[in-house]
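# A closer look at the structure
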Amino acid sequence: MALPAYASTGQRAWHYFYLAFCGVVLFFLVAPLIAVIPLSFTSKAFLNFTKEMLYLDPEAFSLRWYRNLIGDCSDAVVTTVCSDKWKIGAWNSVLVAIAATLLATTLGTLAALGLSRPQMPGRKLFMAALISPLIVPLIITAAGMALFYPQVLNPTDPFTEGSSLHSSFTGLIFAHTILGLPFVVITVTSTLVGFDHSLTRAAASLGGGPVRNFFKIQFPIIAPGVISGALFAFVTSMDEIVVVLFIGGADQLTLPKQMWSGIRQEISPTILSAATILVIMSVVLLTTVELLRRRSERLRGLTPG
Amino acid sequence: MAVTYNTAPAADEYNAAGELMTADGIPLKQALKKSQRRNMFAALGLVAPPFLFLVLLFIVPVLSLMVYSVDDRKVNTYLPKTFALYDQWDGKDLPNEPLYKAIYEDISSAPGLLMGQSSTRMNYAKSRWKSLIKKSNRKFKALKRKNFAGPYKEELIKIDKRWGDITFWQSLAIMKNNFTSGYFANAIDYKIDQEKGYVAQPEYRRIYQTLWWRTFEVAIIVTLCTLLLGYPVSHLLATLPLRYANVLMICVLMPFWTSLLVRIVAWMVMLQQNGVVNDTLVSAGILGDENRLAMMYNYTGTIIVMTQILLPFMILPIYSVMKGISPAYMKAAQNLGATPTLAFIKVYMPQTLPGIGAGAILVFIVSIGYYITPELVGGKDGQLIGNAIAGHLQQTLNWGLAAAMGVLLLIGVLVLYWVYDKIVGIDNMRMG
C-alpha cells in the first residue's frame, strides 16, 4: 500500500505510525526466537547475554552446550547436569513421530478418500468426528487418555501381566496418531476437492483395478496434500508435550519431555542449543510445506498465490 | 470398430411393466440402486478403519471423563453391608447395634487399597473421615484377629468418639448413591449439604470460581491483544505486493511452526529478571538496576507469552479474508467523497468482520484450554483451569473432580465451536 503523492501531513504521519506498529508486532513475533540462537553459543552457564558476547569476544562463545546436548560431558560443569538424556529423548521422539506419522497418514488418507466420495452418507458427522482431536483442548484429551488407557490391553504386548497402553510406546504412538489424524484428513480432503474424477474413471475403463488405479493415478496427484498432512502430523508428534506427560512412563522420554523437565529443574543453555536446532528444523519444514503447496497448485492448474 | 449410438432404447429393452432394463435383464432402477449401495459401502469401508481407531482411542476416553465425573461407586463397594442397612435408620438418633456391626464387618474385611481410595472420597463429603477410617481400619482388624463378637456400638465409640457423632453417620447418606453431582458442585465451589442441598463453599475455600473467572479473563485479554496487534499486520500483509508480503509472512509463520516449549524458553530468555528486555531497559537508563520489571512467572508473563503464541491464529484468518477484499471498494468510497478514515471504518472494516470473528473465536477457544504455558511461566497468579485439572489428575488424585472440570470445559469449548461453525464453517478451517 503506497502513499499517494497528494497525502496530507497527517496521513503521512499516520501511515508511518502504522508501518512502525506493524514492524514492532512482527519483531515481537520473531525476536524471542532470534535471541535464542546467539545465546545458545554462550560459554557461560547463564541464560543472559554477557558484555563479552555483545563485544563479539571469541572467548565468550563456545559449542559446549551443543556437545552437552549430544551427551559429550567432557566440559560439563558441576552446576549443570549433563547426561545422554537429550540423545535418548531425541531418538525416542523421532521414532515415535515416524511411527505415528505413518499410521496417521495411512488412516487419514483412507478417511479422506471415503469422505470425498459422493455416495458417502453422513459426511458432515464423520468429518466432525475425525477433526475433533483438533477441537478438544489437549488437557482434556490427555486427561481422558490418562484415565482410560490403563484399562486398554496393549496389542503389541498382550501377554505380560498388567499390560496396558499407559506407560507404553504403543500407547504414545496411538495417541500421537490421533492428534495427527485431523491434519492429514483436512489437507488430503482439500486436495481431493480439485481432483478430476474422470481420470480414475478413464483408468477403470482401461482395465485398472481399484488398488492399481489409486497408486498409479490418484496418489501421484494428491501426493502433495498427503505429504504436507504427514509433515503436520510429524511436527505435531515431535512437539507434543501434554499427552506424553499424562500417559507416558519414565521410559517414554521424548525430546519435549526432556525440555520440560529441563525448564522446570535445571535450566541451562543446553535447552537453548536444543531450541536452536528445533527452530532451524521448523524453518526447513516450513519451506518444504510452502514448496509442496505451490507444486500442488501448479499440478491442479491453479495459479500460485 | 463401429459404434452405434441409440438415441432411444429399443423395444426389447423394456420389461412387461414398462421399466427400462439393463443388458443383464435387471430393471435399470434396481441396478443403479445396487451400484449406488455398493459405492456407499465402499466409501463407508474406507472411513471405517480410521473412524473405529478414533472412537476407541479418543472418543471413548474423552467420554469416559463424563463417567468419572459422576461415578460414586467406591464407597458402596467399601461399605456394602452398612449401606444395605442404612435406609432402615431414621437419621435422627445414633444408629443401633446392627448398623455398628455392619460397618465393623465392612471395615475389618476390606483390602487396604480400597480403604485408602474410599476414605479419600469420604473425606470430600466430611473432613476427618479419612483419619477416622484409617484409625478404625487398624483397630478393627486387630479386634477381628481376636474374634471380637460385640457389643459393637459400645466398643466402636470407645475406639473413637467420632463413631458416636451423628454427623458422620448422616454424611454417609450422600455417598450411598452410585452417582453424585458432588464433583460438579465442587468444581464451581459448591458442596452438597444433606439438608440444604447445594450450598456455596465458605469464602476462604472458594478457589475454583476464581480460576474459572481468571481463565475467562485471560482468554478475553489475549483475544483482544491478538486482535489489536494482529489486525494492522494482516492489513499490511494483504495490501503489500506479494514479494514483500511473502517475506513478512515468514515472520508470522515461523513462530507458528516452532515448538511451543522452544517459544517458552525464548520468552524466559527475554523476560526474566536478568533477561534481554530488562538488561536493555537498564543499560538504556530507562530503568534503575534495582527496579527490574517482574514479567515472568506471574499473570503478566502468561498474558505476554500467550499473546505471542496465539497471534498467528488471529493473523491468518483475518489475512485470508482481507486478501479477498477488492481495493476498488476503498477507492470508490473515497471517490464518493469519504475521507480515508471514514472509508476504512464504513467500507473496509465491515467486510473484515468474518475474519475477525473466526480469529477471535479460535484464539479464545485455544486459550481457555491452555495448560503448558501457564504452568511454566504463570507462577502462582497466572494459573488457569487447565492447571487445576492437571493438578487433580496427577497430584491430589481426585479424578472425579478433574473429570468434572474437564467436562465443564469441554462443554464450553463445544458450544463455542458450534458458534464458530455457524459463522465460518469448520470445513473452512485452514492451516499454514
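This structure is a prediction, so every number in the text was calculated from the model and none was measured.

Rules and cut-offs
- Residues numbered from 1 in each chain as written.
- Chains lettered and ligands numbered in written order.
- Predicted model: local features only at pLDDT ≥ 70, side-chain atom pairs only at ≥ 80, totals over all residues.
- Helix = DSSP H or I, 4+ residues; strand = E, 2+ residues; numbered from the N terminus.
- Rg over C-alpha atoms; globule rule 2.2 N^0.38 Å.
- Buried ≥ 20, exposed ≤ 12 C-beta atoms within 10 Å, placed from the backbone.
- Contact = placed C-beta atoms within 7 Å.
- Domains from an automatic or database assignment.
- Nonpolar A, V, L, I, M, F, W, Y, C, P; charged D, E, K, R; others polar.
- Core = buried A, V, L, I, M, F, W, Y, C linked by C-beta atoms within 7 Å.
- Axes fitted to C-alpha atoms, helices over the stretch in contact; angles between N-to-C directions.
- Parallel < 35°, antiparallel > 145°, perpendicular 65-115°, else oblique.
- Left-handed = near helix turned anticlockwise from the far one by under 90°.
- pLDDT = per-residue confidence, 0-100.
- Expected span 1.5 Å × (residues − 1).

## Overview of the overall build of chain A
Helix and strand content of chain A: 12 helices and zero strands. Each helix (α) and strand (β) of chain A, taken in turn from the N terminus, gives the series α-α-α-α-α-α-α-α-α-α-α-α. Taking 2.2 N^0.38 as the reference for a compact globule, 305 residues should give roughly 19 Å; the C-alpha atoms of chain A span a radius of gyration of 25 Å, well beyond that estimate. The principal-axis extents of the C-alpha atoms in chain A amount to approximately 80 × 75 × 35 Å. Counting all 305 residues of chain A, 44% fall into the buried class. Here the contacts in chain A between residues at least 6 apart in sequence split such that 68% fall between residues at least 24 apart.

## Thoughts on the overall build of chain B
Within chain B one finds 20 helices and two strands. Against the globule reference of 22 Å for 432 residues, chain B gives a C-alpha radius of gyration of 33 Å, more extended than a compact globule. In terms of its C-alpha atoms, chain B occupies a principal-axis envelope of roughly 100 × 100 × 40 Å. The long-range fraction of contacts in chain B, counting pairs at least 24 apart against all pairs at least 6 apart in sequence, stands at 66%.

## Section: unusual backbone geometry
Residue and element names in this part refer to chain B. Although it is not a glycine, Arg128 sits at a positive phi angle of roughly 80°. In this structure, Arg128 sits in the loop between α5 (112-125) and α6 (129-145). The class of Arg128 is exposed, set by 12 C-beta atoms lying within 10 Å. Even without being glycine, Tyr297 reaches a positive phi, approximately 60°. Note that Tyr297 resides in the loop between α14 (276-283) and α15 (299-323).

## Regarding the domain arrangement of chain B
For chain B, the assigned domains are domain 1 (1-70), domain 2 (74-178) and domain 3 (208-428). Each of domain 2 of chain B and domain 3 of chain B was reduced to a C-alpha centroid, and the two centroids are 52 Å apart.

## Regarding the interface of chain B and chain A
Of the residues lining the interface, 75 residues belong to chain B; the matching set on chain A comes to 72 residues. When residues in the side of chain B that touches chain A are grouped by element, the largest group, 21 residues, is from helix α1 (residues 28-70) of chain B. Looking at the side of chain B that touches chain A, its residues break down into 59 nonpolar, 14 polar and two charged.

## What about the nonpolar core?
With 161 residues, the main nonpolar core has Ala143(A), Val242(A), Ala275(A) and Val265(B) as its most contacted residues. With 14 residues, α15(B) is the largest single contributor of residues to this core. Non-local contacts of Val242(A), meaning those with residues more than four positions away in its chain, are made with Leu138(A), Ile139(A), Ala142(A), Tyr371(B) and Ile372(B).

## What about helix α11 (residues 255-264) of chain A?
Of all 10 residues that make up α11(A), seven are buried, and the element is covered over most of its length. Inspection of α11(A) places Leu255(A), Pro256(A), Lys257(A), Gln258(A), Met259(A), Trp260(A) and Gly262(A) among the buried residues, and these make up the whole buried set.

## A word on the packing of helix α17 (residues 340-368) of chain B against helix α20 (residues 399-423) of chain B
Helix-helix packing is described using two parameters, namely the angle between the two axes and the distance between the axes. Residues and elements named next belong to chain B. Interhelical geometry of α17 versus α20 gives an angle of 165° and a closest axis separation of 10 Å. Put simply, α17 runs roughly antiparallel to α20. Between α17 and α20 lies a crossing whose hand is left-handed. Across the interface between the two elements, Pro354, Gly357, Ala358, Ile361, Phe364, Ile365 and Ile368 from α17 touch Leu409, Gly412, Val413, Leu416, Tyr417, Val419, Tyr420 and Ile423 from α20.

## A closer look at the confidence of the model for chain B
Close inspection of predicted coordinates is inappropriate in any region flagged by low pLDDT. Residues and elements named next belong to chain B. Across chain B, the average pLDDT comes to 86, with 95% of residues at 70 or higher. Confidence, expressed as mean pLDDT per element, reaches its minimum in chain B at strand β1 (residues 190-193) with 80 and its maximum at helix α11 (residues 208-239) with 94. Quick note on the complex model: pTM equals 0.85, ipTM equals 0.87.

## Let's talk about the packing of helix α12 (residues 242-257) of chain B against α15(B)
Residue and element names in this part refer to chain B. Where α12 contacts α15, the axes come no closer than 9 Å and their chain directions differ by 125°. Put simply, α12 runs oblique to α15. In this structure, α12 meets α15 at a crossing whose hand is left-handed. Residues Val252, Leu253, Pro255 and Phe256 of α12 form the contact with α15, whose participating residues are Gln308, Pro312 and Ile315. Taken together, the residues of the contact of α12 with α15 sort by class into six nonpolar, one polar and no charged.

## Let's talk about the confidence of the model for chain A
Model confidence for chain A is summarised by a mean pLDDT of 86, while 94% of its residues fall at 70 or above. Confidence, read as mean pLDDT per element, is least for helix α2 (residues 51-54) of chain A in chain A (76) and greatest for helix α6 (residues 138-148) of chain A (95).

## Side note on the environment of Leu260(B)
Tracing the chain through its elements places Leu260(B) in helix α13 (residues 260-271). Classification of Leu260(B) by C-beta neighbours within 10 Å gives partly exposed; the count is 19. As for Leu260(B) and Leu79(B), which are separated by 181 residues in sequence, their C-alpha atoms are 48 Å apart. In this structure Leu260(B) touches Asp239(A), Ile241(A), Ile309(B) and Ile372(B), once residues within four positions along its chain are discounted.

## Digging into the environment of Ser273(A)
As for its position among the elements, Ser273(A) is in helix α12 (residues 269-299). Residue contacts for Ser273(A): discarding those within four places in its chain leaves Ser40(A), Trp65(A), Tyr66(A) and Leu69(A).

## Looking at helix α7 (residues 169-193) of chain A
Compared with the 36 Å implied by 1.5 Å per residue over 25 residues, the 36 Å span of α7(A) between its first and last C-alpha is a close match. Counting buried positions over the 25 residues of α7(A) gives 21, a clear majority of the element.

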